Amino acid sequence: MTSRTPTFSLPVLAEKAQAVVFRGLMGLPGPVQRRLAGRPVVVDGQVLDAQTQWMLRLQQWVREPAVETLPMEKAREGLRRQSMLVGGRQPVGEVRELTLPGADGPIAARLYAPRSQVDAAAAGAAAGDGAVAAGSPLLFFIHGGGMMYGGLDSHDALCRFLAERADLRVLSVDYRLAPEHPFPAAVEDCWASYQWVSENAETLGVDPERIAVGGDSAGGYLSAVTAILAAEAGVPVKHQMLIYPVTNMADKSESRHTFGEGFFLTADFMDLAETSYLLPDQDRRDPRVSVHFTEKIPENLAPASVVTAGFDPLRDEGEAYARLLADAGVEVDLKRYPSFVHGFANMVGVGRATRAAVAEIAAKLKAAV
C-alpha cells in the first residue's frame, strides 16, 4: 500500500484565493462600497450603479490588464477567469457535455436542465412509471466575447442561472472563434447547430415549437442572425433574447464614443474584435455582419426581447435595432438598464442589482416560451 502526497496547482490556488478576496470585497455593505467607489458617476443623466463602480475601481487598483492588450490565448484565459469570478458557482439540476455538428465539423456544447425537471424525472423513475422530462422549452444560447473570446466556461454561471430562473433547458454552443476562423465561420456554426437542435429536439427532451435563441454581445448578434436565417428557412424559433447585441459594425454610434473608455467594454476591444473577425475587404453592411442593415425583415421573425445597458458603448445600436424590428411589425420588448455597464449579465455571483436584473430577464424569457 502506498501513500500519495496531494499536489496542488499554484495557478489554481492563486485563482481561488483571488476569488475569495474579490467576493469578500464585493460583499462589503452597500454604504461602505459607495464610499470606497468614489463620487457618483453621472453620464447622459444616468447614474452608474455603485456596486459596479466599486468593481471597476477594484480592477484599477489591482492593475488587472485589459484582455485586449494580452496575447490571444492569455486574453481568452483572462476573460474566462474574470467571467467565472463575477459569475460564481450557480446551482443547477443537471449539466451534460455534448457534441453538435457545426458547419465544418463537430463543436462542443453544454446542456443545462433545471432542478425542477431533474426532480420530476427522479420522482417518475421512483414511481416506476418511466416518466422523463420531455417537451421542455429550450434556450439555444450563444456566448459573447467579441467573436474571438468566450466559451462554455465563461458563460457557465449565466446559463445555470437562466436555466433555473426561466425553468427551461439551456443549450450553450461553442462556435469557432476568430482570428483563426474569421467570418462567416461563427454564423455558419450557429446556424448549422441550431438546425440540428430543431430537427432533433425530442432527443434532448425539448419541444421543437418552444426553442428560443439568445445570447449576449457578440452572442446577441449571432442570435439575431440565426433567428433571421431560421425565419427565412421556415425553421421555428419561439423567441429571441438579445442582450446588449452588436448590430452595426459599419457605423459608430454616439454611445460608442461616449462610453468607449472606463466602463469595461472599450473602443480598443471592439476594434480588435472587428479586425480579428472580418477580413479587410469584408462588407460591414452585409446583414450577416451587421443585422441593422437587413433590407427585408422576414414577416415570420420571432418576437424579440432586446436588453441594453446605460453605460454600454453598444447601447444605441441595440436600441436602434429594436426600433427597426418594431417598425417592421415584429413584437419587441426593449428594456434599458440605465445604471449598468456592458457585461452585467455575467455578474450573477457578485452584484445585487445586476443579479436582480438578470432574474427579470429570465422571467421574461420564461413567459415568452
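Residues numbered from 1 in each chain as written. Predicted model: local features only at pLDDT ≥ 70, side-chain atom pairs only at ≥ 80, totals over all residues. Heavy atoms only, no water.

Caption draft 1: Fine view of the overall build of the chain. When you go through the chain residue by residue, the secondary structure sums to twelve helices and ten strands. What you see for the chain is a C-alpha radius of gyration of 21 Å, in line with the 21 Å of a compact globule of 369 residues. Each principal axis of the C-alpha atoms in the chain carries an extent, and together these give about 70 × 55 × 40 Å. Considering the chain as a whole, with its 369 residues, one finds that 54% of them fall into the buried category. Taking the intrachain contacts of the chain between residues at least 6 apart in sequence as the baseline, contacts between residues at least 24 apart amount to 77%. Of the accessible surface of the chain, which amounts to about 16300 Å², a share of 54% is contributed by carbon and sulfur atoms. (Helix = DSSP H or I, 4+ residues; strand = E, 2+ residues; numbered from the N terminus. Rg over C-alpha atoms; globule rule 2.2 N^0.38 Å. Buried < 20%, exposed > 50% of the residue type's maximum accessible area, 1.4 Å probe, protein only. Contact = heavy atoms within 4.5 Å. Areas by Shrake-Rupley, 256 points an atom, 1.4 Å probe, with all protein chains shown as cover.)

Caption draft 2: Highlighting the packing of aromatic side chains. Enumeration over the complete set of coordinates arrives at twelve aromatic pairs. With 5.6 Å between their ring centres and 70 degrees between their planes, Tyr-149 and Phe-269 make a pair best called edge-to-face. Of this pair, Tyr-149 sits in the loop between strand E5 (136–142) and helix H6 (156–166) while Phe-269 sits in helix H10 (residues 267–277), and the two are 120 residues apart along the sequence. Judged by relative accessible area, which is 11%, Phe-269 ranks as buried. Aromatic side chains Phe-183 and Tyr-277 sit 5.8 Å apart centroid to centroid with 75 degrees between the ring planes, which places their arrangement in the edge-to-face category. Placement of Phe-183 in the loop between strand E6 (169–173) and helix H7 (185–199) and of Tyr-277 in helix H10 is noted, with a sequence separation of 94 residues between them. Across the pair, exposure class does not vary: Phe-183 and Tyr-277 are buried alike. An aromatic cluster of three or more residues is present, and its members are Tyr-244, Tyr-337, Phe-340 and Phe-344. Geometry around Tyr-337 places Lys-335 over its ring, the cationic atom sitting 5.2 Å from the centre. (Phe/Tyr/Trp six-rings, centres within 6.5 Å; stacked < 30°, edge-to-face > 60°. Lys NZ or Arg CZ within 6 Å of the ring centre and 35° of its normal.)

Caption draft 3: Spatial organisation of H6. With ten of its eleven residues buried, H6 lies for the most part within the structure. Just downstream of H6 lies Asp-167, where phi reads positive at about 55 degrees.

Caption draft 4: Representation of helix H4 (residues 72–87) in the model. Over its 16 residues, H4 extends 22 Å from the first C-alpha to the last, a length consistent with the 22 Å expected when each residue adds 1.5 Å. Among all positions of H4, only Ala-75, Arg-76, Gly-78, Leu-79, Arg-80, Arg-81, Gln-82, Ser-83, Leu-85, Val-86 and Gly-87 are buried. Looking one or two places after H4, you find Gly-88, whose phi comes out positive at around 70 degrees. (Expected span 1.5 Å × (residues − 1).)

Caption draft 5: Here's a closer look at the pairing of strand E4 (residues 105–113). Where strand E3 (residues 94–102) lies against E4, nine bridges are found, and the strand directions are antiparallel. Counterpart to Leu-98 in the pairing with E4 is Ala-109. (Pairing = 2+ DSSP bridges.)

Caption draft 6: Representation of the nonpolar core. In this structure, Phe-140, Leu-171, Tyr-194, Tyr-221, Leu-222 and Tyr-277 are the most contacted members of the largest nonpolar core, which totals 64 residues. Residues contacting Phe-140, with those up to four places away along its chain left out, are Leu-171, Val-173, Cys-190, Ser-193, Tyr-194, Val-197, Ile-211, Ala-212, Val-213 and Gly-214. Within the second largest apolar cluster, 48 residues are counted, among which are Ala-37, Ala-157, Ile-361 and Leu-365. (Core = buried A, V, L, I, M, F, W, Y, C linked by side-chain atoms within 4.5 Å.)

Caption draft 7: Examining the pattern of salt bridges more closely. In the structure shown here, the tally under the stated rule is 23 salt bridges. Residue Arg-288 pairs with Asp-286 through a salt bridge whose shortest N-O separation is 3.5 Å. Relative accessible area serves as the criterion here: at 34%, Arg-288 is assigned to the partly exposed category. Each member of the salt-bridge network shares a partner with another, and the members are Arg-89, Glu-97, Arg-110, Asp-153, Asp-156 and Arg-160. (Salt bridge = Lys/Arg side-chain N within 4 Å of Asp/Glu carboxyl O.)

Caption draft 8: Summary view of unusual backbone geometry. Geometrically, the link from Ala-178 to Pro-179 is a cis peptide bond, its omega value of 5 degrees lying close to zero. Looking at the element boundaries, Pro-179 is found in the loop between E6 and H7. A cis amide bond, omega 10 degrees, links Phe-183 with the succeeding residue Pro-184. In this structure, Asp-44 takes a positive phi of about 55 degrees despite not being glycine. Position of Asp-44 relative to the elements: it lies in the loop between strand E1 (42–43) and strand E2 (46–47). Of note, the phi angle at Phe-264 is positive, near 80 degrees, even though the residue is not glycine. By the secondary structure assignment, Phe-264 is in the loop between helix H9 (254–258) and H10. Judged by its relative accessible area of 34%, Phe-264 falls in the partly exposed class.

Caption draft 9: The environment of Ala-367, seen in detail. Residue position: Ala-367 is located in helix H12 (residues 352–368). When its relative accessible area of 69% is taken as the criterion, Ala-367 is described as exposed. Counting along the chain gives 262 residues from Ala-367 to Gly-105, while the straight-line C-alpha distance between them is 35 Å.

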